[in-house]
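Here is what each chain is made of, one letter per residue.
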Amino acid sequence: MKAITHLYILLALPLLLLSCVDAEEYDNTCRDNMEALWKIMDEHYCFFTEKKEQLGVDWNDVHARYAANVNEKMTRTQLFEFLGNMTGELRDGHVNLSASFDLARNWSWKEDYAANFSDSLHRRYLGTDYKITSGMYYRILDDNIGYIYAGSFADEIGEGNIDEVLLYLAPCRGLIVDVRNNGGGMLSEAQKLAARFCNESTLVGYMRHKTGTGHDDFSAKEEQWIAPSAGIRWQKKACVLTNRSVYSAANEFVKYMKRMPAVQIVGDTTGGGSGMPYSSELPNGWAVRFSACPMYDVDGNSTEHGIAPDTPVSITTDDMAKGVDTIIEKARTILGE
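Right, let's walk through the structure included here. Predicted model only: the values in this text are computed from it and were never measured. (Residues numbered from 1 in each chain as written. Predicted model: local features only at pLDDT ≥ 70, side-chain atom pairs only at ≥ 80, totals over all residues. Heavy atoms only, no water.)

A word on the sheet that holds strand β16 (residues 295-296)
Okay, step 1: An order of β11-β10-β16 is seen for the 3 strands of this open sheet, with the pairing classed as antiparallel. Of all strands in the sheet, those with a lone pairing partner are β11 (222-226) and β16, marking the two edges.
Okay, step 2: Pairing analysis gives 2 bridges linking strand β10 (residues 202-207) to β16, with the strands arranged antiparallel. Paired with M207 across the bridge in β16 is M295. (Pairing = 2+ DSSP bridges. Helix = DSSP H or I, 4+ residues; strand = E, 2+ residues; numbered from the N terminus.)

Listed below in structure tokens is the structure:
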């Protein structure tokens, strides 16, 4: 049994997997920067097969089209846009090209969908007397339901801080963990929080590693387990709230929580971004980042394109006008049953 307790992977942050192209193979020209970028991704990106099946993206065809149009008269901003368009063909939120002046990205995984989150509604439910620790906002709602908002896993969450939160919320009859708009961070922190919702080691999914430069060169699926925390663990019903802006490490958190007893996922399908990122550098110093290790749920299905909730709910226009968060209210109903 392989526990993911030991995986301190940064998702949606600076990465542990790093490489550079062979300096002797490429010069700092427009064409060589394009060729280097294409080759780096060709050898390490992990979703080419999925992208071809689902979106019709042929990476060799992408090369042919862009190689025919690159030229040495491009300014740096023109080249950046050109290369950003090339990586954008994959329509992957984890594929980013970054320079000192811009970040090329594709956020269609969230921009093309309903937000299902409102800052004004969120402030209404939190009020002004909420508590804050380790990036978590928490309080007891007026129907004795505990509420935690975890908007990011970018910073370390202290085990003692989680103990304090759960101890404070212990009298509540149920708990809402709201991760809407959580774009990711450290996988270790997602695992740390999920470990408070199980009493025995729980299989939560699988991952594979790249073993060669071919598009389908991967290891066998390796099990991912969550071991129960030695600290305070939640023993009552809980709901995890989601929307399309739940991505990367937060997407993994939702995957874990779907396996926890007495937990329901409520809201919208998550944004995905399940691949463990990989980072490299072009001859001109621009950084590129993309997914290199795919992850799967317990049924062996890729979670790259999101995880469906147990109870689909969207914020309605009528509720919005009334100052009501439809997703929170549905979770309160479930926990009150």
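Let us keep going from here.
Section: the nonpolar core
Okay, step 1: F153, L175, F197, V240, F253, M257 and M260 are the most contacted members of the largest nonpolar core, which has 41 residues in total.
Okay, step 2: No other element matches the 6 residues that helix α9 (residues 249-257) contributes to this core.
Okay, step 3: Discounting chain neighbours no more than four positions away, the residues touching F197 are L175, V177, W234, A238, M257, M260, P261 and V263.
Okay, step 4: The next biggest cluster of nonpolar side chains, apart from the first, holds 34 residues, and it includes W38, Y45, L90 and L97. (Core = buried A, V, L, I, M, F, W, Y, C linked by side-chain atoms within 4.5 Å. Buried < 20%, exposed > 50% of the residue type's maximum accessible area, 1.4 Å probe, protein only. Contact = heavy atoms within 4.5 Å.)

What to know about helix α3 (residues 59-67)
Okay, step 1: Where α3 is concerned, the buried positions are W59, V62, Y66 and A67. Buried residues of α3 fall within an arc of 115 degrees about the axis and therefore sit on the same side.
Okay, step 2: Two to three positions downstream of the cap, the backbone nitrogen of N60 sits 2.9 Å from a side-chain oxygen, assigning the N-cap of α3 to D58. (Arc of directions from axis to C-beta. Polar contact = N/O pair within 3.5 Å; in protein donor to acceptor, adjacent residues only side chain to side chain.)

As for the packing of aromatic side chains
Okay, step 1: Using the criterion set out here, one finds 14 aromatic pairs in the structure.
Okay, step 2: The interplanar angle of 35 degrees and the centroid separation of 5.3 Å between the aromatic rings of Y278 and F290 together place this pair among those described as tilted. One end of the pair, Y278, is in strand β14 (residues 276-281); the other, F290, is in strand β15 (residues 287-293), with 12 residues separating them in the sequence. Across this residue pair, the class does not change: Y278 and F290 are buried.
Okay, step 3: Ring pairing ties together the aromatic residues W38, Y45, F47, F48, W59, Y278 and F290, which thus form one cluster.
Okay, step 4: Over the ring of W107 we find R105; its NZ or CZ atom is 5.1 Å from the centre of that ring. (Phe/Tyr/Trp six-rings, centres within 6.5 Å; stacked < 30°, edge-to-face > 60°. Lys NZ or Arg CZ within 6 Å of the ring centre and 35° of its normal.)

Topic: the environment of C239
Okay, step 1: Its location among the elements puts C239 in strand β12 (residues 238-242).
Okay, step 2: Sequence separation of C239 and N85 is 154 residues, and the distance between their C-alpha atoms is 39 Å.
Okay, step 3: In contact with C239, not counting residues within four places along its chain, are L175, I176, V177, Q264, V266, A331, I334 and L335.

A closer look at unusual backbone geometry
Okay, step 1: Phi at R91 is positive, roughly 50 degrees, even though this residue is not glycine.
Okay, step 2: Examined against the element boundaries, R91 turns out to sit in the loop between α4 (76-88) and β3 (96-99).
Okay, step 3: The residue S134 is not glycine, and still its phi comes out positive at about 50 degrees.
Okay, step 4: Tracing the chain through its elements places S134 in the loop between β5 (131-133) and β6 (136-140).
Okay, step 5: A relative accessible area of 23% means that S134 is categorised as partly exposed.

Quick look at the side chain of S291
Okay, step 1: When you line up the elements, S291 lands in strand β15.
Okay, step 2: Only 3.3 Å separates the side chain of S291 from the side chain of H94, close enough to count as a polar contact.
Okay, step 3: Contacts of S291, omitting those with residues within four sequence positions, involve H44, Y45, C46, F47, D92, H94, G275, M276 and P277.

Focus on the sheet that holds strand β8 (residues 174-178)
Okay, step 1: If you trace the 7 strands from one edge of the open sheet to the other, you get β5-β6-β7-β8-β12-β13-β17, paired in mixed fashion. In this open sheet, the two strands that pair with only one neighbour each are β5 and β17 (311-312).
Okay, step 2: Here strand β13 (residues 263-267) runs beside β17; their pairing, made up of 2 bridges, is parallel. Note on β17: the bridge partner recorded for G267 is P312.
Okay, step 3: Contacts between helix α7 (residues 159-169) and the sheet are confined to β5, β6, β7 (145-150) and β8, with β6 contributing the most and set at about 15 degrees to the helix. (Axes fitted to C-alpha atoms, helices over the stretch in contact; angles between N-to-C directions.)

Side note on the pairing of β15
Okay, step 1: Within β15, 6 of the 7 residues are buried, which leaves the element mostly enclosed by the surrounding structure.
Okay, step 2: Where β3 and β15 come together, 3 bridges link them in antiparallel fashion. Paired with L97 across the two strands is V288, which belongs to β15.
Okay, step 3: The antiparallel pairing of β14 with β15 creates a hairpin that spans 5 residues between the two strands, and G285 there sits at a positive phi of about 95 degrees.

Focus on the environment of E35
Okay, step 1: Considering the arrangement of structural elements, one finds E35 in helix α1 (residues 30-44).
Okay, step 2: Put simply, E35 and V70 are 35 residues apart on the chain and 9.9 Å apart in space, counted from C-alpha to C-alpha.
Okay, step 3: Once residues within four sequence positions are removed from consideration, E35 is found in contact with Y26, H63 and A67.

Observations regarding the pattern of salt bridges
Okay, step 1: Counting across every chain of the model gives 17 salt bridges.
Okay, step 2: Ionic pairing is found between K39 and E25, a salt bridge with its closest N-O pair at 3.0 Å. Residue K39 is found in helix α1, and its partner E25 is found in the loop between β2 (18-20) and α1; the two are separated by 14 residues along the sequence.
Okay, step 3: E25 sits in the partly exposed class, given a relative accessible area of 41%.
Okay, step 4: Across the pair R180 and D178 runs a salt bridge whose closest N-O atoms are separated by 2.8 Å.
Okay, step 5: A relative accessible area of 0% places R180 in the buried class.
Okay, step 6: What you see here is one network of salt bridges that share partners, running through D142, D143, E329 and R332. (Salt bridge = Lys/Arg side-chain N within 4 Å of Asp/Glu carboxyl O.)

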